[in-house]
Structure formats: C-alpha cells, structure tokens
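Below are the chains, spelled out letter by letter.
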Amino acid sequence: MLPPELPPLPALTRAEGAFVDSYLQVVDLLGRMNPARGTDTYAALRAAQALPARAAELRDALTTMHARGETELHGATLTRAVRVLDGERRTARVTLPPEQPG
C-alpha cells in the first residue's frame, strides 16, 4: 500500500522557497538543541555549530525577497508550504513538552 499523497506545495517564488526551507532547517536545529527534548550533548553541540550557517541562509533568503520588492510575507501561503513540509511536527520539537503531574 502506498503512503497517502501529500498536497502540492503552493506556488512560491524562489526566494520564498528558500525562506521556508531555511526556516525549517533552523527549526530542526533548534529542536535538536532543545534541553527539554534532547538526550545527547554531542547532537546539541553539532546543531549549535550548524545554526549560524543556516541562520545566514535564512537571512539571505529574506534579503533577496526584500531586494526584489517582495515586501510582504504572505502568511497563508507560507503556512501551507510549511505544513506540507511537515512543519507542525518539526516546530513542535522546539516547544516544551507538557508538564508531567507530580
């Protein structure tokens, strides 16, 4: 049985695509560093070392968008793109887990 087909990505400019991709890469790294969810200092260290480069890519994507006159972030479209790329699961790793009673 084949897995369910994902909805298509919305139409994005190249810079918007780079923005979404870079954003999710930064989120993934922050999730690996989250002290409430991580278990391995080496993995957190490697994520912290990679973060500046991914943040620079995010900055560059936003700089390109701004330079091209893309002055607005189209939230609904970008949100759809993030959801299609498993953004809900990926961003959940950045938050604190629910507090355990006791």
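From a predicted model like this one, the values you see are computed outputs, not experimental measurements. (Residues numbered from 1 in each chain as written. Predicted model: local features only at pLDDT ≥ 70, side-chain atom pairs only at ≥ 80, totals over all residues. Heavy atoms only, no water.)

Q: Can you walk me through unusual backbone geometry in this structure?
A: Glycine aside, the phi torsion of most residues is negative, and most peptide linkages are trans. At Asp86, a residue that is not glycine, the phi angle is positive and equals roughly 65°. For Asp86, the position within the fold is in the loop between helix 3 (75-84) and helix 4 (87-92). Among the residues examined, Asp86 registers a relative accessible area of 33% and is labelled partly exposed. (Helix = DSSP H or I, 4+ residues; strand = E, 2+ residues; numbered from the N terminus. Buried < 20%, exposed > 50% of the residue type's maximum accessible area, 1.4 Å probe, protein only.)

Q: Please clarify how helix 3 should be interpreted in this entry.
A: Among all positions in helix 3, only Leu78, Ala81, Val82 and Val84 are buried. The arc that holds every buried residue of helix 3, seen down its axis, measures 165°, which confines them to one face. Packing partners of the buried residues in helix 3 comprise helix 1 (14-33) and helix 4. Following helix 3 by one or two positions, Asp86 adopts a phi angle in the positive range, close to 65°. (Arc of directions from axis to C-beta. Contact = heavy atoms within 4.5 Å.)

Q: Explain the environment of Asp21 here, please?
A: Assignment of secondary structure puts Asp21 in helix 1. Since its relative accessible area comes to 41%, Asp21 is described here as partly exposed. It is 8.5 Å that separates the C-alpha atoms of Asp21 and Val82, two residues lying 61 residues apart in sequence.

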